[in-house]
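Residue-level listing of the chains:
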Amino acid sequence: EIPEHLPSFFSMYQRLLRLPGSKGVMKTLLRSAQFRRSRFAFGGALNDLSAIDGDFAKLFAQYWFEHPARYAGMVRYLTGLDFSLIDRLPEVHEKITAPIHFIWGADDKTFPLELAKPMISSMGSAVSLRTVEHCRFLPQEEYPRLVASEVCAFMTD
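Residues numbered from 1 in each chain as written. Predicted model: local features only at pLDDT ≥ 70, side-chain atom pairs only at ≥ 80, totals over all residues. Heavy atoms only, no water.

(A) The packing of helix H4 (residues 55-66) against helix H5 (residues 68-80), seen in detail. Axis separation between H4 and H5 bottoms out at 5 Å; the angle between their running directions is 105°. Classified by the angle between their axes, H4 and H5 sit roughly perpendicular to one another. Across the interface between the two elements, Tyr63, Trp64, Phe65 and Glu66 from H4 touch Pro68, Arg70, Tyr71 and Met74 from H5. Of the residues that constitute the contact of H4 with H5, the class distribution is six nonpolar, no polar and two charged. (Axes fitted to C-alpha atoms, helices over the stretch in contact; angles between N-to-C directions. Helix = DSSP H or I, 4+ residues; strand = E, 2+ residues; numbered from the N terminus. Parallel < 35°, antiparallel > 145°, perpendicular 65-115°, else oblique. Contact = heavy atoms within 4.5 Å. Nonpolar A, V, L, I, M, F, W, Y, C, P; charged D, E, K, R; others polar.)

(B) View of the pairing of strand E2 (residues 127-132). Alignment of strand E1 (residues 100-105) against E2, held across six bridges, turns out to be parallel. Bridge pairing links Trp104 to Thr131 in E2. Each parallel crossover has a hand, and the one from E1 via helix H8 (residues 113-121) to E2 is right-handed. (Pairing = 2+ DSSP bridges. Right-handed = clockwise from strand over helix to strand, strands pointing away.)

(C) Highlighting the nonpolar core. If you look at the biggest cluster of nonpolar residues, it comprises 21 residues, and the most contacted ones within it are Leu17, Met26, Leu30, Phe42 and Tyr71. For this core, the secondary-structure elements that each account for two or more residues are helix H1 (8-16), helix H2 (22-30), H4, H5 and helix H6 (83-86). With four residues, H5 is the largest single contributor of residues to this core. The contact partners of Phe42, leaving out residues within four places of it in the chain, are Leu30, Arg36, Ile52, Phe56, Phe60 and Ala61. (Core = buried A, V, L, I, M, F, W, Y, C linked by side-chain atoms within 4.5 Å. Buried < 20%, exposed > 50% of the residue type's maximum accessible area, 1.4 Å probe, protein only.)

Distances and angles like these do not, on their own, reveal function.
Below, the structure written as structure tokens:
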């Protein structure tokens, strides 16, 4: 999360999911490959929209609507997220003493890199950043080997 930044879809989903019947409609929509690929679902998370189907759909999207408790938990999270807490993260960031390594998609529209850089530079610990070109919000999905290599190198450094 980036302090002082609220991705537009969060507030949209917070409002929509409070409407009567919306939870059932959303569950139905998430079963649609066309909806999953749209900017209203996961279309903004990956550059390669074909990656949204298959394993990603099974392990991520399908995970939420297979069991009522999981779906209810996701809805509670989305509707209950208090962004005023996130806006206070700089107080927490300056207290971090452990090294941090960010792996960030250069094309991330959810949490744009130009908003992340000031946050990263204000952190109180040793911070490094690996920008992944041609990648959006989920580098671990689009470039899993690169992410694994970055994590292993950071953890053994």
